[in-house]
Amino acid sequence: MNPPEGPEPGYSRAEWVSLGVSLVILGLLVGVVIFVWLSPVDRPARFEVRQGQTRVEGHSYYVDFTIENKGDQTGERVKVAGFIIVDSGREEASTTFDYVPGRSEEQGVLIFEHEPAGLVIRVISYQIP
Amino acid sequence: MASTKESNPWYSELDDILRAVSGAFLFGIPLLYTMEVWWAGNQVNALHMALSLGVSLFLLIILDYGAGFRKKKEYRWAISIMDSLVALAVAIVCASLSLMIIGVLHIDLGLENIIGHITMEAIPFGIGAGISDHLVEGQKTEGVDTSQQLAEKKKEEDRTARGKLHGTLVDMGATGLGAVIIGFAIAPADEILIIASRLSSLGMLLLILTSLVISYIIVFEASFVSESKRMEQRGIFQHPVVETINSYLVALMVSLFMLWLFQTAGMDRSWLEWLNYTIILGFPASIGGAAGRLAV
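As the structure is a computational prediction, the values presented were derived from the model and not from experiment.

S.K.: Can you walk me through helix α1 (residues 13-38) of chain A in this structure?
M.R.: Side chains of residues three or four places apart in an α-helix project in the same direction, reflecting 3.6 residues per turn. For α1(A), with 26 residues, the first-to-last C-alpha span of 37 Å sits near the 38 Å given by 1.5 Å per residue. Those residues of α1(A) that are buried are in contact with α2 (9-32), α4 (46-66), α5 (77-101) and α6 (111-130) of chain B.

Given below as structure tokens:
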């Protein structure tokens, strides 16, 4: 039987390497946290909606859009609506995003029965978390 | 051969790191499938993130006194702090990769929320890494003699078809049980449907691969409860890779059964959707199954 091979006291080179790699990872994370800390984070939510492509499925028009929150604060239950003027009046479609965090984007689709010419899409409400 | 492997510091370091990874996933996976933890990542500010990283590190240092992730020689506080930093880094990497794989973490979230998600999810993963030496008690220090004995015993057992069948049944039963224990708490949750809606086919394949790799690591690489015991238990699932794949299939079947039991999704969904749900629940279930196989 060999005597129990207790690793020699102190850190082996392999252990130093993994400590080094770990410190780099932690350093990056802590660096970003400090960066976020120092950058102003109290601008209220501010939304911008960009209309994307339209595709026809059956008798409906599917309009892609991207919503960007340019503020810092998160918007909760963000409601996006679009409307078009048609012969019979106004056609409206809307959708709600659970969360649109600050400085981030989400995507959605609005569906219309008529061809969405002159479509206007905008955010009509949100809650402050 | 075994002794050269053990005396190689690089090998034993890899072993330690993989043990930490195993512990992190075992403890962290139920909270990976919890939307409230994802949402918490959307709401935390920098102060909160810094505090939770600090508290996690403090917790790891305390846990390291009794457990830790390395096979301990003697306790020294300086080593303990360095080990805890490594454990925290392992937790952060595991948490970020798995959040990415299940489609929760993506670049559109913005820097602050990405970091928020990672720091929140790193807490449970870190605790798991910090107690992995207890979750994952190694018995690798046995001499060469024992492994030779084991090899002979194994050969003998392989010759008898009954021993083989018995071993297989024990393995499958243990995998199924472990999969149920971890999967039961997750199966009725909406998270399964949410993750399914976010993952592409490529994401599904990645999830399958991750499930296989993590359960392989847990059972065969991290010298869990008793790796030597595992080698004794020789079923039809012979080769480690074959065994991992077969056990994964058992975990998938258990997942499908649990999804049906809780009616997580309606029966009117397409079979493809059901396949996706099964693969998604199969990730935690296969990790539970891997832990279950070690218990036998």
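Now, onward.
S.K.: Explain the packing of aromatic side chains here, please?
M.R.: Any pair of aromatic rings gets described here by the distance separating the centres and the angle formed by the planes. Tallied over the full model, the rule gives 9 aromatic pairs over all chains. Arranged with centres 5.9 Å apart and planes meeting at 85°, the rings of F65(A) and F97(A) form a pair that is edge-to-face. With F65(A) in strand β2 (residues 60-69) and F97(A) in strand β4 (residues 89-100), this residue pair connects regions lying 32 residues apart in the sequence. For the pair W274(B) and Y277(B), a centre-to-centre distance of 6.4 Å together with 65° between the ring planes defines the contact as edge-to-face. With W274(B) and Y277(B) both in helix α14 (residues 271-295), this residue pair falls 3 residues apart, about one helical turn. W274(B) gets classed as buried once you look at its relative accessible area, which sits at 11%.

S.K.: Would you mind going over the packing of α2(B) against α14(B) with me for this structure?
M.R.: Packed helices, taken two at a time, are described by the angle their axes make and the gap between the axes. Residues and elements named next belong to chain B. One can describe the packing of α2 onto α14 by two numbers: an axis separation of 10 Å at closest approach and a directional angle of 155°. If you check the angle between α2 and α14, you find them roughly antiparallel. Handedness of the crossing formed by α2 with α14: left-handed. Here α2 contributes F25, L26, I29 and L32 to the contact with α14, which in turn contributes F283, P284, I287 and A291.

Analysis parameters
- Residues numbered from 1 in each chain as written.
- Chains lettered and ligands numbered in written order.
- Predicted model: local features only at pLDDT ≥ 70, side-chain atom pairs only at ≥ 80, totals over all residues.
- Heavy atoms only, no water.
- Helix = DSSP H or I, 4+ residues; strand = E, 2+ residues; numbered from the N terminus.
- Expected span 1.5 Å × (residues − 1).
- Contact = heavy atoms within 4.5 Å.
- Phe/Tyr/Trp six-rings, centres within 6.5 Å; stacked < 30°, edge-to-face > 60°.
- Buried < 20%, exposed > 50% of the residue type's maximum accessible area, 1.4 Å probe, protein only.
- Axes fitted to C-alpha atoms, helices over the stretch in contact; angles between N-to-C directions.
- Parallel < 35°, antiparallel > 145°, perpendicular 65-115°, else oblique.
- Left-handed = near helix turned anticlockwise from the far one by under 90°.

So yeah, pure geometry; function would need other evidence.
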